2 protein chains.
Amino acid sequence: MSCDAEHDQLVADVFARACTSRGVLEHVTGRWGTLALAALAEGPFRFNALRRKVDGVSEKMLAQTLQALERDGFVHREAEPTIPPRVEYSLTPLGAEVAGRLRELIELVEGRVPEVEAARRAYDEAKSAVAR
Amino acid sequence: MSCDAEHDQLVADVFARACTSRGVLEHVTGRWGTLALAALAEGPFRFNALRRKVDGVSEKMLAQTLQALERDGFVHREAEPTIPPRVEYSLTPLGAEVAGRLRELIELVEGRVPEVEAARRAYDEAKSAVAR
DNA sequence: CAGAATCCGCAGCGATACTG
DNA sequence: CAGTATCGCTGCGGATTCTG
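Residues numbered from 1 in each chain as written. Chains lettered and ligands numbered in written order. Predicted model: local features only at pLDDT ≥ 70, side-chain atom pairs only at ≥ 80, totals over all residues. Heavy atoms only, no water.

Participant: Explain the UniProt feature "domain: HTH hxlR-type" (unreviewed entry) in chain A to me, using residue names and the numbers behind them.
Facilitator: Taking the UniProt record as the reference, the feature "domain: HTH hxlR-type" (unreviewed entry) is found at residues 19-117 of chain A. Note that residues 19-117 of chain A is 66% helix and 14% strand, and that its end C-alpha atoms are spaced 33 Å apart. (UniProt positions renumbered as here; feature names shortened; annotations may be inferred. Helix = DSSP H or I, 4+ residues; strand = E, 2+ residues; numbered from the N terminus.)

Participant: Describe helix 2 (residues 31-40) of chain A, and please don't skip the residues or the numbers.
Facilitator: Counted residue by residue, helix 2 of chain A has eight buried out of 10 residues, so it is predominantly covered. All of the buried residues along helix 2 of chain A are A:Trp32, A:Gly33, A:Thr34, A:Leu35, A:Ala36, A:Leu37, A:Ala39 and A:Leu40. (Buried < 20%, exposed > 50% of the residue type's maximum accessible area, 1.4 Å probe, protein only.)

Participant: Got a sec to walk through the protein's contact with DNA strand D? Specific residues and values, please.
Facilitator: In the region of DNA strand D, 16 residues are neighbours, and A:Lys60, B:Arg46, B:Glu59, B:Arg77 and B:Tyr89 sit closest. Protein-adjacent atoms of DNA strand D, using a 4 Å cutoff, are sugar or phosphate at a proportion of 55%. The separation between a phosphate oxygen of DNA strand D and a polar side-chain atom of A:Ser58 is 3.2 Å. A distance of 2.9 Å is found between a phosphate oxygen of DNA strand D and a side-chain nitrogen or oxygen belonging to B:Arg46. Elements with a minimum of two residues in the surface near DNA strand D: helix 4 (59-71) of chain A together with helix 3 (47-53), helix 4 (59-71) and strand 3 (86-91) of chain B. Examining the composition of the surface near DNA strand D, we find that three residues originate from one element, helix 4 of chain B, more than from any other. Here the surface near DNA strand D is composed, by residue class, of eight nonpolar, three polar and five charged. (Near = heavy atom within 4 Å. Polar contact = N/O pair within 3.5 Å; in protein donor to acceptor, adjacent residues only side chain to side chain. Nonpolar A, V, L, I, M, F, W, Y, C, P; charged D, E, K, R; others polar.)

Participant: Describe the interface of chain A and chain B, with residues and values.
Facilitator: Where interface size is given, it is often the accessible area lost as the parts come together that is meant. Counting residues at the interface gives 43 residues for chain A and 43 residues for chain B. Summed over both partners, the interface of chain A with chain B buries about 4,400 Å², with 63% contributed by carbon and sulfur atoms. On the surface where chain A and chain B come into contact, there are eight salt bridges. Here B:Asp72 makes a salt bridge to A:Arg120, at a shortest N to O gap of 2.4 Å. For the side of chain A that touches chain B, the secondary structure elements donating two or more residues are helix 1 (9-29), helix 2, helix 4, helix 5 (93-111) and helix 6 (113-131) of chain A. For the side of chain A that touches chain B, the element with the most residues is helix 5 of chain A, which contributes 11 residues. For the side of chain A that touches chain B, the residue count by class is 17 nonpolar, eight polar and 18 charged. (Contact = heavy atoms within 4.5 Å. Buried area = accessible area lost by both parts, 1.4 Å probe. Salt bridge = Lys/Arg side-chain N within 4 Å of Asp/Glu carboxyl O.)

Participant: So what about the protein's contact with DNA strand C? Which residues, and what values?
Facilitator: Lining the immediate surroundings of DNA strand C are 17 residues, of which A:Gln67, A:Arg77, A:Tyr89, B:Lys60 and B:Met61 lie closest. Sugar and phosphate atoms form 60% of the subset of DNA strand C atoms that lie within 4 Å of the protein. Between DNA strand C and A:Glu59 there is a distance of 3.0 Å, counted from a base nitrogen to a side-chain nitrogen or oxygen. Residue B:Lys60 places a side-chain N or O atom 2.4 Å away from a base oxygen belonging to DNA strand C. Counting only elements with at least two residues in the surface near DNA strand C, the list comes to helix 3 (47-53), helix 4 and strand 3 (86-91) of chain A together with helix 4 of chain B. Partitioning the surface near DNA strand C into residue classes produces eight nonpolar, four polar and five charged.

Participant: Quick rundown of helix 5 (residues 93-111) of chain B? Include the residues and the values.
Facilitator: Here helix 5 of chain B spans 27 Å end to end across 19 residues, near enough to the 27 Å set by a 1.5 Å rise per residue. Those residues of helix 5 of chain B that fall on the buried side of the exposure criterion are B:Leu94, B:Gly95, B:Val98, B:Ala99, B:Leu102, B:Leu105, B:Ile106, B:Leu108 and B:Val109. (Expected span 1.5 Å × (residues − 1).)

Participant: Outline the pairing of strand 2 (residues 75-80) of chain A, supporting the account with residue identities and numerical values.
Facilitator: Residues and elements named next belong to chain A. As paired strands, strand 2 and strand 3 are joined by six bridges and run antiparallel to one another. Counterpart to His-76 in the pairing with strand 3 is Ser-90. The antiparallel pairing of strand 2 with strand 3 creates a hairpin that spans five residues between the two strands. (Pairing = 2+ DSSP bridges.)

Participant: Would you mind going over the sheet that holds strand 2 (residues 75-80) of chain B in detail, with residue names and values included?
Facilitator: All names here are of chain B. Taken in spatial order, the three strands make up an open sheet running 1-3-2, and their pairing is antiparallel. Each having just a single partner strand, strand 1 (45-46) and strand 2 make up the two edges of the open sheet. The sheet strands contacting helix 2 (residues 31-40) are strand 1, strand 2 and strand 3, and the helix crosses strand 3 at an angle near 95°. (Axes fitted to C-alpha atoms, helices over the stretch in contact; angles between N-to-C directions.)

Written as structure tokens, this is what we have:
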């Protein structure tokens, strides 16, 4: 699973694919990528509207995230060359598919939060018991 | 979607849940979390076996990742108190569910890598065209 | 309004060495 | 073998400023 290019040529592209998908996955599942995708799943948004929806994100990170997602073909960027500029972001069909899968994962995790919290308590208790 | 505790008490736990799930999601989807979960989906492994499977991970990060996943209740850790120590990691039922969803997402993304790469090329080309 | 550019701090990572 | 401890450094991410 290494990304170093010290492999036979035949397996090189296999690793390239694996590494590409890893990179893409990090865009998608990264802190802001998840939130941006989730927000856009509700419909198209303009930059600052998105910024308000994904509360806590800085301008820089939102721009960075959107660019990465646009480059990967998950997000469509529609700019009207007016003054003031008006730019709308929306999901591409591919983006919508990914957002859907992501949503399933998120909903599974969110539904299990109580179990996770119980597991956390049990774990922490066991730890502190050992400490004593 | 803020995590700052400056909200009414009624909505506080809603945010707490949202933030908890965000944290959990970052454990799961983070660079090493993904790989660890994917590796464990194939079966139980001992520490160093896992380390070899998830090639490129440092001892420290693997230990850290596994602890986070264990604390969240996704991974079970079975230690035999022998010398030398023998520790086996495996997925809990909950972990298996999450790994499954994760796998669906990964496979979707991997299957679409060609499209992503095409989108990247188109994007980069458009960029450099503007530069000229 | 939508971004690009710049500066900077510090969390987090990796490498290394050590322990039970 | 399965970790913990320590340290140096990189790079992520926030704040700020500037442009079209």
